[in-house]
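As a plain string of letters, each chain reads:
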Amino acid sequence: MVISCWGALIRKLLMMRPQVVFVLGGPGAGKGTQCAKIVKKYGYTHLSAGDLLRSERSKEGTEYGELIASFIKEGKIVPVAITIQLIKKAMEEKMAQDSAKNTFLIDGFPRNADNLSGWNNHMNGYADVKFVLFFDCSNEVCIERCLERGKASGRTDDNAESLQKRIQTYMQSTKPIIDEYEKEGKVRRVDGAKTVEQVFLDVQKIFDSEN
Ligand code: UDP
Ligand code: MG
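Residues numbered from 1 in each chain as written. Chains lettered and ligands numbered in written order. Predicted model: local features only at pLDDT ≥ 70, side-chain atom pairs only at ≥ 80, totals over all residues. Heavy atoms only, no water.

Draft legend 1. Representation of the overall build of the chain within the structure. For the chain, the count of helices and strands is 9 helices and 5 strands. For the chain, the α and β elements follow one another from N to C terminus as α-β-α-β-α-α-α-β-α-β-α-α-β-α. In terms of overall size, the chain behaves like a compact globule, its C-alpha atoms giving a radius of gyration of 18 Å where 211 residues would be expected to give roughly 17 Å. Considered along the principal axes of its C-alpha atoms, the chain spans approximately 65 × 45 × 30 Å. Split into buried and exposed, the 211 residues of the chain put 44% on the buried side. Sequence separation of at least 24 residues holds for 76% of the intrachain contacts in the chain that already meet a minimum separation of 6. As presented, the chain carries roughly 11300 Å² of accessible surface, and 54% of it is formed by carbon and sulfur atoms. Each charge class in the chain can be summarised by its mean position, and for the 31 positive and 28 negative side chains these summaries are 4 Å apart. (Helix = DSSP H or I, 4+ residues; strand = E, 2+ residues; numbered from the N terminus. Rg over C-alpha atoms; globule rule 2.2 N^0.38 Å. Buried < 20%, exposed > 50% of the residue type's maximum accessible area, 1.4 Å probe, protein only. Contact = heavy atoms within 4.5 Å. Areas by Shrake-Rupley, 256 points an atom, 1.4 Å probe, with all protein chains shown as cover. Lys, Arg positive; Asp, Glu negative; His and termini not counted. Charge placed at Lys NZ, Arg CZ, Asp CG, Glu CD.)

Structure representation (structure tokens):
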């Protein structure tokens, strides 16, 4: 009787543990756009690491505002201690509001080896990574989309100069992380160069078979 109670409790705790999908791909590959659609259809909570950093950057009196601003403009990756703290806080806040909301899309993270080891050090045992959704898209298409977005986005990094650096960071630092996950059989690849609706059809096939 006691044992079965504990068993039930442990099962419940495991079920409630945050279930995470990492969403990766080059700048402008479609991560944010597709995440919004996944949220609507599958009820995940979308956490964009870039958005969390941008909002921290613009906070009054924040210790890291200037560092974050310059890293973003230079297309460099912010030290993981900062990013992971923002991600974990956002997850905890969501689950404190509603403990049943334990599925998360973490968009634009992990972007390099420092991010990945930071995640493993802080989140192993706290959250499970279900799989990595990878939007595969050529650099040319990514650059073109970001320049187009830059006309209205107001982002300090959607310009030709920052984009060159972001693409370089992506190729040098992020792609190897995706390749690592690929070896573990965790990557679900989608052709990100198609139209938004076509890409979402492919995304749905993945989520329908995973859930
Ligand atoms: N960034 C970072 N760590 C992260 C996510 C983003 O340092 O985990 C910074 C990095 O400088 C990156 C920028 O934020 O180039 C913009 O990231 P975002 O994901 O918003 O860009 P996207 O890939 O969606 O265009
Ligand atoms: Mg984005």
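Draft legend 2. Focus on the sheet that holds strand E5 (residues 187-191). Spatially, 5 strands are ordered E2-E3-E1-E4-E5 in an open sheet, and the strand pairing comes out parallel. Only two strands of the sheet have a single partner each, and these edge strands are strand E2 (45-48) and E5. On average, each strand axis in the sheet is inclined to that of its neighbour by 25°, with strand direction left out of account. Pairing of E2 with strand E3 (residues 103-107), which is carried by 4 bridges, proceeds in the parallel orientation. Bridging from a neighbouring strand, Thr45 pairs with Phe104 of E3. (Pairing = 2+ DSSP bridges. Axes fitted to C-alpha atoms, helices over the stretch in contact; angles between N-to-C directions.)

Draft legend 3. Looking closely at the environment of Val20. On the secondary structure map, Val20 appears in strand E1 (residues 19-25). Val20 sits in the buried class, given a relative accessible area of 0%. With residues near it in sequence (within four places) discarded, Val20 still touches Met91, Phe104, Ile106, Trp119, Ala127, Asp128, Val129, Lys130 and Phe131.

Draft legend 4. Highlighting helix H7 (residues 139-153). Here H7 contains 15 residues, and its C-alpha end-to-end distance of 19 Å stays within 8% of the 21 Å for a straight helix at 1.5 Å per residue. Restricting attention to buried positions, one finds in H7 the residues Cys142, Ile143 and Cys146. An end-on view of H7 places all buried positions within 95° of arc, on one side of the element. Among the exposed residues of H7, those pointing more than 90 degrees away from its buried face are Glu140, Glu144, Lys151 and Ala152. In the core, the buried residues of H7 are packed alongside helix H8 (160-183). Taken from the residues just after H7, Gly154 is the one with a positive phi, measuring 70°. (Expected span 1.5 Å × (residues − 1). Arc of directions from axis to C-beta.)

Draft legend 5. Examining the packing of aromatic side chains more closely. All chains considered together, the criterion is met by 7 aromatic pairs. Centroid distance Phe22 to Trp119: 4.9 Å. Interplanar angle 75°. Geometry classified as edge-to-face. Remark: Trp119 occurs in helix H6 (residues 113-123) and Phe22 occurs in strand E1; sequence separation between them is 97 residues. Take Phe22: its relative accessible area is 0%, and that puts it in the buried class. Here the aromatic rings of Phe131 and Phe207 are separated by 5.5 Å at their centres, their planes lie at 65°, and the arrangement is edge-to-face. Of this pair, Phe131 sits in strand E4 (residues 128-136) while Phe207 sits in helix H9 (residues 196-210); the two residues are 76 residues apart in sequence, bridging distant segments of the chain. Relative accessible area serves as the criterion here: at 0%, Phe131 is assigned to the buried category. By way of ring pairs, the aromatic residues Phe22, Phe109, Trp119 and Tyr181 are connected into one cluster. Positioned above the aromatic ring of Phe71 is the side chain of Lys76, whose terminal nitrogen or guanidinium carbon lies 5.0 Å from the ring centre. (Phe/Tyr/Trp six-rings, centres within 6.5 Å; stacked < 30°, edge-to-face > 60°. Lys NZ or Arg CZ within 6 Å of the ring centre and 35° of its normal.)

Draft legend 6. Region of interest: the site of ligand 1. In the vicinity of ligand 1, 21 residues are found, and the nearest of them are Lys31, Arg54, Lys76, Val78 and Arg166. In this structure, Arg54 approaches ligand 1 through a side-chain N or O atom, which is 2.7 Å from an oxygen atom. Take Arg111: an N or O atom from its side chain is 3.1 Å from an oxygen atom of ligand 1. Mapped by element, the contributors of at least two residues to the shell around ligand 1 are helix H3 (49-57) and helix H4 (65-73). Sort the elements by how many residues they give to the shell around ligand 1 and H3 lands first, with 4 residues. Partitioned by chemical class, the residues of the shell around ligand 1 number 8 nonpolar, 5 polar and 8 charged. (Near = heavy atom within 4 Å. Polar contact = N/O pair within 3.5 Å; in protein donor to acceptor, adjacent residues only side chain to side chain. Nonpolar A, V, L, I, M, F, W, Y, C, P; charged D, E, K, R; others polar.)

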